[in-house]
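# Analysis of the macromolecular model
Chain by chain, the residues:
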Amino acid sequence: MRRPAPAGHSGGMSKLTETVQMIYAAFGRGDIPAILEVMADDVDWEYGGSVDDVPWLQAGKGRATVGRFFQAVGANLEFRSFVVNDVLEGPNVVVGLVDLEAIVKGTGATLREIDEAHVWRFDERGRVARFRHAAQTLAHVRAWKGT
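In this text, all values refer to a predicted model and were calculated from it rather than measured experimentally.

Conventions and cut-offs
- Residues numbered from 1 in each chain as written.
- Predicted model: local features only at pLDDT ≥ 70, side-chain atom pairs only at ≥ 80, totals over all residues.
- Heavy atoms only, no water.
- Helix = DSSP H or I, 4+ residues; strand = E, 2+ residues; numbered from the N terminus.
- Rg over C-alpha atoms; globule rule 2.2 N^0.38 Å.
- Buried < 20%, exposed > 50% of the residue type's maximum accessible area, 1.4 Å probe, protein only.
- Contact = heavy atoms within 4.5 Å.
- Lys, Arg positive; Asp, Glu negative; His and termini not counted.
- Charge placed at Lys NZ, Arg CZ, Asp CG, Glu CD.
- Arc of directions from axis to C-beta.
- Pairing = 2+ DSSP bridges.
- Expected span 1.5 Å × (residues − 1).
- Phe/Tyr/Trp six-rings, centres within 6.5 Å; stacked < 30°, edge-to-face > 60°.
- Core = buried A, V, L, I, M, F, W, Y, C linked by side-chain atoms within 4.5 Å.

With that settled, the discussion passes to the overall build of the chain. Check the secondary structure of the chain and you find four helices and six strands. The globule rule puts the C-alpha radius of gyration for 147 residues at 15 Å, and the 15 Å found for the chain is close to it. Buried positions account for 45% of the 147 residues belonging to the chain. A fraction of 50% describes how many contacts in the chain between residues 6 or more apart in sequence connect residues 24 or more apart. Here the chain carries 17 positive and 19 negative side-chain charges, and the mean point of each set is 1 Å from the other.

So, in structure tokens, the structure goes:
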């Protein structure tokens, strides 16, 4: 795996890494339609498992599921910080390592993640085919429940 060139030096950066960086930039702007554009029609969101108790960690298929994820994030989390520290790439996969701090609106609990991994898997057309958070799910559940 390799670490891509810093922003502004995209000469050595692959199209997949550029796509993931665009997704993070669009998220920062609140531009969810731009994110949905690069999703496969049947994208498998939160593949490999989900946390039924946490609205922003729900599994599903299709762009509508991705839209519901961003609605749940907006409705339930107030971000204090969201920093993409590294973007690593392998064949048809990009992993973003993210530090974040957010307040769960319903409970006031603080959710902190260090190196939360976002796994972006791509299809042959260069669209996101599968995505999952590799996160401290117990911390998400506790923050959601306020425990």
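Here the narrative resumes.
Taken as a whole, helix α4 (residues 137–145) has its buried residues at His140, Val141 and Ala143. Angularly, the buried residues of α4 cover 165° about the axis, an arc narrow enough to put them on a single face. In the core, the buried residues of α4 are packed alongside β4 (93–104) and β5 (110–122). Just past α4, the residue Gly146 takes up positive phi, approximately 75°.

A regular strand places its side chains so that they alternate between the two faces of the sheet. Relative to β5, β4 runs antiparallel, the two being bridged by 10 bridges. Paired with Val94 across the strands is Trp120, a residue of β5. Taken together, β4 and the strand that follows it, β5, pair antiparallel across an intervening segment of five residues, in which Gly108 is found at a positive phi of about 80°. Relative to strand β6 (residues 128–134), β5 is paired through six bridges, and the arrangement is antiparallel. Residue pairing for β6: Phe122 is matched across the bridge by Val128. Count of turn residues in the β5/β6 antiparallel hairpin: five residues, of which Gly126 carries a positive phi of about 80°.

Given a rise of 1.5 Å per residue, 15 residues ought to cover 21 Å, and the 21 Å separating the end C-alpha atoms of helix α1 (residues 15–29) matches this to within 8%. Where α1 is concerned, the buried positions are Leu16, Thr17, Thr19, Val20, Ile23, Tyr24 and Ala26. Residues of α1 that are buried sit in contact with α2 (32–37), β1 (39–45), β3 (77–90), β4, β5 and β6. Following α1 by one or two positions, Gly30 has its phi on the positive side, about 75°.

The tally for this structure, following the rule as stated, stands at 13 aromatic pairs. Seen from their ring centres, Trp56 and Trp144 are 5.7 Å apart, and the 85° between their planes marks the pair as edge-to-face. With a gap of 88 residues between them, Trp56 in the loop between β1 and β2 (60–61) and Trp144 in helix α4 connect regions that are remote in the sequence. Exposure remark for Trp144: the relative accessible area of 27% places this residue in the partly exposed category.

This part is about the nonpolar core. Met39, Trp45, Trp56, Trp120 and Val128 are the most contacted members of the largest nonpolar core, which totals 35 residues. Filtering out sequence-adjacent residues up to four positions away, Trp45 remains in contact with Met39, Gln58, Ala59, Gly60, Thr65, Val66, Phe69, Trp120 and Phe131. One finds Tyr47, Val93, Leu97 and Ala117 within the second-largest nonpolar core, a separate group that totals six residues.

Structurally, Ala139 is set in helix α4. We classify Ala139 as partly exposed; its relative accessible area is 26%. Along the backbone, Ala139 and Val95 are 44 residues apart, and their C-alpha atoms lie at a distance of 21 Å.

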